[in-house]
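The residues making up each chain are set out below.
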Amino acid sequence: MKRAGLLLIAVAPVATVAVYFLGGDSDKGGSGAGQKAPGTHRPYDDDKSAAEIKADDELIADLPPGLAAPAKKDLAQQLIASAENSTLKWREQYGYIEDIDDDHGYTAGIIGFCTGTHDLLTLVERYTKDHPDNGLARYLPALRKVDGSDSHEGLDPGFTKAWKTEADEPAFRKAQNSARDRIYFDPAVRLAKLDGLGTLGQFIYYDAMVLHGPGTGPRGFYGLREAALKEANTPAQGGKEKAYLDIFLDIRRAAMKSEKAHRDTTRVDTAQRQFLYDGNLSLKTPLTWKVYGETFRVP
C-alpha cells in the first residue's frame, strides 16, 4: 500500500514525507524560489570555524561507520520503506508517484521527493544538467512554477508517466540515491555522530529528517532537535543516550500529532521506540516491528 495523506477509519494509514526546508515553519513548507537549495547548508555548522568543521570531520572519520555501513544503510531504507510504502522492497519505489493530498503536490521516488517542497525540483535540475535529453527535462519550467505549492499546473497529464518511465533508467535511480544522501541521509548521520549517538540514534535522526524535512522551524528536523536539547543533553554533552533519544521521540511524536497527514505515530511507537526500550542501540538484526498494524521482519 502506498502513502496515504489522511487517516481513514478502518483503513491502515501510510505516512508521507512532509518536507519543511530551511526556514519552513508553515504547514506547506518548501524553500521557494531564490532560497538556498536543500542539502547545501547545515545549520549546526553556522557558528563553527573552518578549523572546527575540519575537527568534526576528523572525529567522524575515526568513528565506526554506524548507519553508513552498507548493510545498515540498506536496513535503514527497509525501515523507511515500511513506513512510507508498507513494504521492505525499497528498490521498487523509484517509479512511485502520486498526489496524496497533503498540500505538497506530487510525492515521488524512494524518499518521497515532492513537487511542492523543492527537493524534487532540485533532483530534476541536477539530473538534467548531466542528462539534458531526459524525459523529465521538459517539465522543468512547470516544476519551477509549482514549487512551494500543491499545484499540478503544467504537469498534468504527462508528468507522472514521464517519471515512471525515467525511473527505469539506471542514471535516474543513481540520481535519486545521490539526492537522498545529500539532502537527508548524510546530514542526519553526520549530526547524530557529532551528538554521540549510535546506529539506532542515527536512524532516528534520519527518519525524522525524511518525514519532517531539514527545516529550522518548530516542525522541521533541526527545530525538533533544538527543542530536545532544551530538555536533555546529548551523549556528546555528557547525557545518557537512551534518555536523550526518548525525549527526542516524545517531541517528534507531538509534532506528528499536530499534522493531519502524520497523526498515526506507529513508526515511532511500535518501531523506533520499541528498539530503544529493547536496548538495541546498535540496531542489530533480527528485527521485528509494526507500522500501521502491519508486522515487518528483517532476519
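Remember, predicted model here, so these are calculated numbers, not experimental data. The residue count restarts for each chain, going from 1 along the sequence in the order it is written. This being a predicted model, a pLDDT of at least 70 is required before a residue's local features are given, and a value of 80 or more before pairs of side-chain atoms are given or counted; all residues contribute to the totals for chains, interfaces and linings. Side-chain measures here rest on the full set of heavy atoms in the structure, leaving out hydrogens and waters.

Any details on the overall build of the protein chain? Residues and values, ideally.
Think of it this way: any DSSP run of H or I at least four residues long counts as a helix, any run of E at least two long counts as a strand, and we number them from the N terminus. When helices and strands are counted, the protein chain shows 10 helices and five strands. Each residue is placed in one exposure class: buried if its accessible area under a 1.4 Å probe, protein chains only, is under 20% of its type's maximum, exposed if it is over 50%, and partly exposed if it falls in between. Within the protein chain, the fraction of its 299 residues that count as buried is 55%.

Residues and numbers for the nonpolar core, please.
In plain words, nonpolar cores are sets of buried Ala, Val, Leu, Ile, Met, Phe, Trp, Tyr and Cys residues tied together by side-chain atoms within 4.5 Å. Formed by 78 residues in total, the largest nonpolar core has its most connected members in Phe-159, Trp-163, Tyr-205, Tyr-206, Phe-248, Leu-283 and Trp-289. Looking at which element gives the most residues to this core, the answer is helix α6 (residues 170–194), with 11 residues. Pairs of residues are marked as contacts when any of their non-hydrogen atoms sit within 4.5 Å. In contact with Trp-163, not counting residues within four places along its chain, are Tyr-94, Gly-95, Tyr-96, Ile-97, Ala-108, Gly-109, Leu-120, Leu-123, Val-124, Leu-136, Phe-172 and Gln-176.

Break down empty space enclosed by the protein for me, citing the residues and quoting the values.
Over the atoms, a rolling probe the size of a water molecule traces out where space has been left empty. Points on a 1 Å grid over protein atoms alone make up a cavity when a 1.4 Å probe fits among them but cannot get out, and a pocket when they form an open set with protein on both sides within 12 Å along at least five of seven lines; lining residues each have an atom within 4 Å of a point. Grid points are joined across faces, edges and corners, and a volume is the space filled by probe spheres set on the points. Going through the model one piece at a time under the given rule, you end up with two cavities of 30 Å³ or more. In this model, the largest cavity occupies a volume close to 60 Å³. Looking at the largest cavity, the residues that line it are Leu-79, Ser-82, Ala-83, Phe-203, Asp-207, Arg-267, Ala-271, Gln-272, Phe-275, Trp-289 and Val-291. Residue assignment for the lining of the largest cavity shows that the elements contributing at least two residues are α2 (70–85), α7 (199–212), α10 (266–277) and β4 (287–291). A per-element tally of the lining of the largest cavity places α10 first, with four residues. The residue makeup of the lining of the largest cavity, split by class, is seven nonpolar, two polar and two charged. Under the scheme applied, nonpolar residues are Ala, Val, Leu, Ile, Met, Phe, Trp, Tyr, Cys and Pro; charged residues are Asp, Glu, Lys and Arg; polar residues are all the others, including Gly.

Describe the side chain of Thr-87, and please don't skip the residues or the numbers.
Within the secondary structure layout, Thr-87 lies in the loop between α2 and β1 (97–99). For Thr-87, a relative accessible area of 18% corresponds to the buried category. A polar contact of 3.0 Å, which involves the side chain of Thr-87, links it to the backbone nitrogen of Lys-89. In this structure Thr-87 touches Gln-78, Ala-81, Ser-82, Gln-93 and Phe-296, once residues within four positions along its chain are discounted. Definition of a polar contact: a pair of N or O atoms within 3.5 Å, with one able to donate and the other able to accept a hydrogen when the atoms are protein atoms, and with sequence-neighbouring residues admitted only if both atoms are side-chain atoms.

How would you explain the packing of aromatic side chains if you had to name every residue and give the values?
Two rings from Phe, Tyr or Trp (for Trp, the six-membered ring) form a pair when their centres sit within 6.5 Å of each other. Planes less than 30 degrees apart are called stacked, planes more than 60 degrees apart edge-to-face, and all others tilted. Counted according to the given criterion, the structure contains 13 aromatic pairs. Both rings, one in Phe-159 and one in Trp-163, keep their centres 6.3 Å apart while their planes meet at 55 degrees; by these two values the pair is tilted. Of the two residues, Phe-159 and Trp-163 both sit in helix α5 (residues 159–166), four residues apart, roughly one turn of that helix. For Phe-159, a relative accessible area of 0% translates into the label buried. With relative accessibility at 0%, the residue Trp-163 sits in the buried group. Centroid distance Trp-289 to Phe-296: 6.0 Å. Interplanar angle 25 degrees. Geometry classified as stacked. Its relative accessible area of 1% is what places Trp-289 among the buried residues. Residue classification places Phe-296 among the buried residues on the basis of a relative accessible area of 5%. Following the ring pairs from residue to residue traces out a cluster consisting of Tyr-106, Tyr-127, Tyr-139, Phe-159, Trp-163 and Phe-172. Here, over-ring charges are defined by two tests on the NZ atom of lysine or the CZ atom of arginine: distance to the ring centre within 6 Å, and angle to the ring normal within 35 degrees. We note Lys-73 situated over the ring of Phe-185; from NZ or CZ to the ring centre the distance is 4.6 Å.

Which residues make up the packing of helix α3 (residues 119–130) against α5, and what values do they have?
Lines are fitted to the C-alpha atoms to define the axes, a helix being fitted only along its stretch in contact, and any angle between axes, read from their N-to-C directions, falls within 0 to 180 degrees. Orientation of α3 relative to α5, taken along the N-to-C sense of each, is 55 degrees, at an axis distance of 14 Å. Put simply, α3 runs oblique to α5. At the point where α3 passes α5, the crossing takes the left-handed sense. Contacts between α3 and α5 involve Leu-120, Leu-123, Val-124 and Tyr-127 from the former and Phe-159, Trp-163 and Glu-166 from the latter. The class makeup of the residues in the contact of α3 with α5 is six nonpolar, no polar and one charged. Each angle receives one of four descriptions, namely roughly parallel if under 35 degrees, roughly antiparallel if over 145, roughly perpendicular if within 65 to 115, and oblique otherwise. Take the far helix as your reference; a near helix turned counterclockwise from it by less than a right angle gives a left-handed crossing, and one turned clockwise gives a right-handed crossing.

Would you mind going over the sheet that holds strand β3 (residues 113–114) in detail, with residue names and values included?
Whether two strands pair comes down to DSSP finding at least two bridges between them. Strand order in the open sheet formed by three strands is β1-β2-β3, and the pairing between neighbours is antiparallel. Bordering the open sheet on either side are β1 and β3, each of which pairs with just one other strand. Where strand β2 (residues 106–108) meets β3, two bridges bridge the pair, whose relative direction is antiparallel. Paired with Ala-108 across the two strands is Phe-113, which belongs to β3. Its contacts with the sheet put α5 on β1 and β2, and the angle it makes with β1 is roughly 155 degrees.

Go over the pairing of β4 with me, naming the residues and quoting the values.
Alternating positions in β4 separate cleanly, Leu-287, Trp-289 and Val-291 being buried on one face and Thr-288 and Lys-290 remaining unburied on the opposite face. Pairing analysis gives five bridges linking β4 to strand β5 (residues 294–298), with the strands arranged antiparallel. Each bridged residue has a counterpart across the sheet, and for Thr-288 the counterpart in β5 is Arg-297. Linkage of β4 to β5, two consecutive antiparallel strands, is achieved through a turn of two residues, within which Tyr-292 is found at a positive phi near 55 degrees.

Pulling in residues and values, what's your account of the pattern of salt bridges?
Any carboxyl oxygen of Asp or Glu that lies within 4 Å of a side-chain nitrogen of Lys or Arg is treated as forming a salt bridge with it. Evaluated as defined, the whole model comprises 16 salt bridges. Two residues, Glu-259 and Arg-219, come together in a salt bridge whose shortest N-O distance is 3.5 Å. A residue pair is termed long-range when its members are at least 10 positions apart, and Glu-259 in the loop between α9 (241–257) and α10 and Arg-219 in the loop between α7 and α8 (221–229) qualify at 40 residues. Given a relative accessible area of 6%, Glu-259 falls into the buried group. Each member of the salt-bridge network shares a partner with another, and the members are Glu-84, Asp-207, Arg-252 and Arg-267.

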